[in-house]
Amino acid sequence: MYEKLIVSGALALAFSTSAVVAEESGGFVGIDLGMSNAVMTRDAGSTGAFDFNDKSASIGNFRYGLMGGYKWFFTESFGLRAYLQVNNGANQIPAGLDAHTTINTLNVMANVDALYNLYSTQESSIGLFAGLSFGYAIHSGKVVDDLKKTGLKDPSGFDMGINFGLRTIIAKYHGIEFFNRFGVIGASATSTLNMGIASVDAKMTTLQPYSFGVRYTYNF
């Protein structure tokens, strides 16, 4: 009788434990679709009556990308993930009255996010994530080519942002996320520009202030 009670108790404990097991550590891959914008700022000061400073901001434009990495869960609710991300898109920068020019941006980023699940079962979960994004932004297009003709160095470079959003796991393997990324540091280059009437030292910075969208992940 005691043996039956022990066996029954062990089975009940095993069942109750497995019932609360939610997300597990493992690898994942994903795709994302979203919108973003870009701000190009030229800081060159002034020479006499001429001001060489300039700032142009784009409207939101479509982006798409791929991601892949690994997540570690330390408790039923808390975990970390690290992943690589590549995304691409184009922004329309104002270039005068009723005119725009295109700047293409390819981002290669390494991300680290903290994960916190608000609700979880054995097969699904809903939670939040927040973290940091470090990457290299490659800017190209006619606007960049035209600026290079004035002596500007390639404005591609280091780019840093803050990630946060909402995530969910469905049927254990499938994930849907709504993400946001706020740019903190943009790619920049300092050059001596030949402005025709004068040569000035200028710093060109291309910041990506925000991006947002949705992504799908498959969890192994």
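Predicted, not measured: the structure shown is a model, and the values here were computed from it.

1. A short note on the overall build of the protein
Secondary structure assignment for the protein yields two helices and 14 strands. Looking at the protein as shown, the accessible area adds up to about 11,800 Å², and 67% of this sits on carbon and sulfur atoms.

2. Quick look at the side chain of N107
Among the structural elements, N107 can be located in strand β8 (residues 100-120). Other than its neighbours up to four places away in sequence, N107 contacts R63, Q85, V86, N87, Y136, A137 and Q208.

3. What about the environment of E123?
Topologically, E123 is positioned in the loop between β8 and β9 (125-140). Given the relative accessible area of 40%, E123 is considered partly exposed. On a C-alpha basis, the gap between E123 and H174 in space is 9.9 Å, while along the polypeptide they are 51 residues apart. Among residues more than four places away in sequence, those in contact with E123 are I169, I170, A171 and K172.

4. Considering the nonpolar core
Counting residues in each nonpolar core, the largest one holds eight residues, listed as M40, I93, I103, V143, V144, L147, L152 and M204. When residues in this core are grouped by element, the largest group, three residues, is from helix α2 (residues 142-149). Ignoring anything within four residues of it in the chain, the contact list for V144 reads I103, H139 and P155.

5. Quick notes on the pairing of strand β2 (residues 39-43)
Pairing of β2 with strand β5 (residues 54-57), which is carried by four bridges, proceeds in the antiparallel orientation. Looking at the pairing, V39 lines up with A57 of β5. In the sheet, β2 pairs with strand β13 (residues 199-207) via five bridges, with the strands oriented antiparallel. The residue bridging D43 from the neighbouring strand is K203, located in β13.

6. Some details on the packing of aromatic side chains
Under the defined criterion, the tally for this structure stands at eight aromatic pairs. Ring centres of Y210 and F212 lie 5.9 Å apart, and the angle between their planes is 20 degrees; on these two criteria the pair is classed as stacked. Judged by relative accessible area, which is 40%, F212 ranks as partly exposed. Both rings, one in Y218 and one in F220, keep their centres 5.5 Å apart while their planes meet at 80 degrees; by these two values the pair is edge-to-face. For Y218, a relative accessible area of 32% corresponds to the partly exposed category. For F220, a relative accessible area of 61% corresponds to the exposed category. In this arrangement the basic side chain of R81 is found over the ring face of F129, its NZ or CZ atom lying 4.7 Å from the centre. Sitting over the face of the ring of F179, R215 holds its NZ or CZ atom 4.4 Å from the ring centroid.

7. Regarding the environment of V86
Relative to the assigned elements, V86 resides in strand β7 (residues 78-94). V86 gets classed as partly exposed once you look at its relative accessible area, which sits at 39%. Each C-alpha atom of the pair V86 and G65 lies 5.4 Å from the other, and the pair is 21 residues apart in sequence. Those residues within four positions of V86 in sequence are excluded, and the remaining contacts are Y64, G65, L66, L106, N107 and V108.

8. Examining unusual backbone geometry
At A171, a residue that is not glycine, the phi angle is positive and equals roughly 55 degrees. A positive phi angle, close to 75 degrees, is found at K172, a residue other than glycine. The residue K172 is located in the loop between β10 (157-170) and β11 (174-185) in this model.

9. Quick word on the confidence of the model for the protein
Looking at the protein as a whole, the pLDDT averages 82, with 79% of positions reaching at least 70. Ignoring residues within four places in sequence, the model shows residues 10-19, a span with pLDDT below 50, making three contacts including any to other chains.

10. Looking at α2
Among the residues of α2, those classed as buried are V143, V144 and L147. Considered in projection along α2, the buried side chains sweep an arc of 100 degrees and stay on one side of the axis. Exposed side of α2, more than 90 degrees from the buried face: K142 and K149 are the residues found there. The inward-facing, buried residues of α2 contact β2, β8, β9 and β13.

What counts and how
- Residues numbered from 1 in each chain as written.
- Predicted model: local features only at pLDDT ≥ 70, side-chain atom pairs only at ≥ 80, totals over all residues.
- Heavy atoms only, no water.
- Helix = DSSP H or I, 4+ residues; strand = E, 2+ residues; numbered from the N terminus.
- Areas by Shrake-Rupley, 256 points an atom, 1.4 Å probe, with all protein chains shown as cover.
- Contact = heavy atoms within 4.5 Å.
- Buried < 20%, exposed > 50% of the residue type's maximum accessible area, 1.4 Å probe, protein only.
- Core = buried A, V, L, I, M, F, W, Y, C linked by side-chain atoms within 4.5 Å.
- Pairing = 2+ DSSP bridges.
- Phe/Tyr/Trp six-rings, centres within 6.5 Å; stacked < 30°, edge-to-face > 60°.
- Lys NZ or Arg CZ within 6 Å of the ring centre and 35° of its normal.
- pLDDT = per-residue confidence, 0-100.
- Arc of directions from axis to C-beta.

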